[in-house]
Amino acid sequence: RPLPSHDTQKPGAITRRHIVLDHHREGGIDGLISIIGVKLTTYRSLAEEAVNRVARQIDRKIPPSQTKQRPLPGSGTVDRPSQVDARLWDHLTSLYGRRAVGISVLAQRDPSWAEPLGIDLPDIGAQVIWACRHELCKHVDDFMLRRSGIGTGHTEGLTCVDRVAELDRTPPLLPQC
């Protein structure tokens with residue numbers, strides 16, 4: 001998790017609690033609020049805290065947050081389509097949950113999209129197509145580092161960066177990339 005920057009403290013002394021920082025109170029920009037040090041597992045409650053603080057600041061009443069009752073996108077289970085390899089399906093569902101169905105449909109549309117992106121990688125071309133069409137992925141590095149994590153793996157993505165770039169530039173299939 002990102003920690004607040006402190007020049008004088010050792011990393012072990014820096015707080016592990018999140019901070020909702022009102023910059024105006026610190027002599028900065030009025031209306032700018034930053035969230036620092038959040039853990040991924042607490043993003044819903046922190047978002048609620050930040051929105052409630054902003055609502056109080058602008059003196060606006062808002063309804064209570066509903067995020068605790070809403071399932072995460074792609075949550076739940078889904079049966080593996082018979083034409084999808086079990087190992088690939090396990091990989092896709094671990095990353096995308098129920099949305100793995102959409103990726104498997106893309107892989108069926110074009111056989112080259114069903115091919116692995118690189119040697120020793122479980123990721124396939126359809127994941128690049130999916131990221132561009134459904135996740136607002138705009139650049140190769142965005143896919144490599146944030147959408148798949150390939151760029152942070154043992155190969156650092158060097159075995160597949162050319163293939164990802166090729167898929168990223170495939171008009172008119174990916175008009176938003």
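This text goes with the structure placed above it.
Residues numbered from 1 in each chain as written. Predicted model: local features only at pLDDT ≥ 70, side-chain atom pairs only at ≥ 80, totals over all residues. Heavy atoms only, no water.

This next bit is on the overall build of the chain. What the chain contains, in helices and strands, is 6 helices and 2 strands. Reading the helices (α) and strands (β) of the chain from amino to carboxyl end gives β-β-α-α-α-α-α-α. Of all 177 residues assigned to the chain, the portion counted as buried reaches 31%. A separation of at least 24 residues holds for 42% of the contacts in the chain among residues at least 6 apart in sequence. Of the roughly 12000 Å² of accessible surface on the chain, a fraction of 54% belongs to carbon and sulfur atoms. (Helix = DSSP H or I, 4+ residues; strand = E, 2+ residues; numbered from the N terminus. Buried < 20%, exposed > 50% of the residue type's maximum accessible area, 1.4 Å probe, protein only. Contact = heavy atoms within 4.5 Å. Areas by Shrake-Rupley, 256 points an atom, 1.4 Å probe, with all protein chains shown as cover.)

A few words now on the layout of surface pockets. Roughly 170 Å³ of volume is contained in the largest pocket. Along the walls of the largest pocket sit Asp85, Arg87, Leu88, His91, Pro116, Leu121, Pro122 and Ile124, which together make up its complete lining. For the lining of the largest pocket, the residue count by class is 5 nonpolar, 1 polar and 2 charged. (1 Å grid on protein atoms, 1.4 Å probe; cavity = no way out; pocket = protein on both sides within 12 Å on 5 of 7 lines; lining within 4 Å. Points joined across faces, edges and corners; volume = space filled by probe spheres on them. Nonpolar A, V, L, I, M, F, W, Y, C, P; charged D, E, K, R; others polar.)

Any two side chains of opposite charge can pair, given that their charged atoms come close. Counting across every chain of the model gives 4 salt bridges. Between Asp22 and Arg25 there is a salt bridge whose closest N-O contact spans 3.7 Å. Here Asp22 falls in the buried class, since its relative accessible area comes to 9%. Linking Asp142 and Arg147 is a salt bridge whose minimum nitrogen-to-oxygen distance equals 2.9 Å. Among the charged side chains, a network of salt bridges with common partners joins Asp142, Arg146 and Arg147. (Salt bridge = Lys/Arg side-chain N within 4 Å of Asp/Glu carboxyl O.)

The next thing to look at is helix 3 (residues 100-109). The complete set of buried residues in helix 3 reads Ala100, Ile103, Ser104, Leu106 and Ala107. Looking down the long axis of helix 3, one finds its buried residues gathered within 155 degrees of arc, a one-sided arrangement. For helix 3, the secondary structure elements touched by its buried residues are helix 2 (86-96) and helix 4 (125-134). (Arc of directions from axis to C-beta.)

Moving on: the environment of Arg109. Mapped onto the elements, Arg109 comes out in helix 3. Between the C-alpha atom of Arg109 and that of Ala126, which follows or precedes it by 17 residues, the distance is 9.3 Å.

Of all hydrophobic cores here, the largest spans 26 residues; its most connected members are Leu117 and Phe143. No other element matches helix 4, which puts 6 residues into this core. (Core = buried A, V, L, I, M, F, W, Y, C linked by side-chain atoms within 4.5 Å.)

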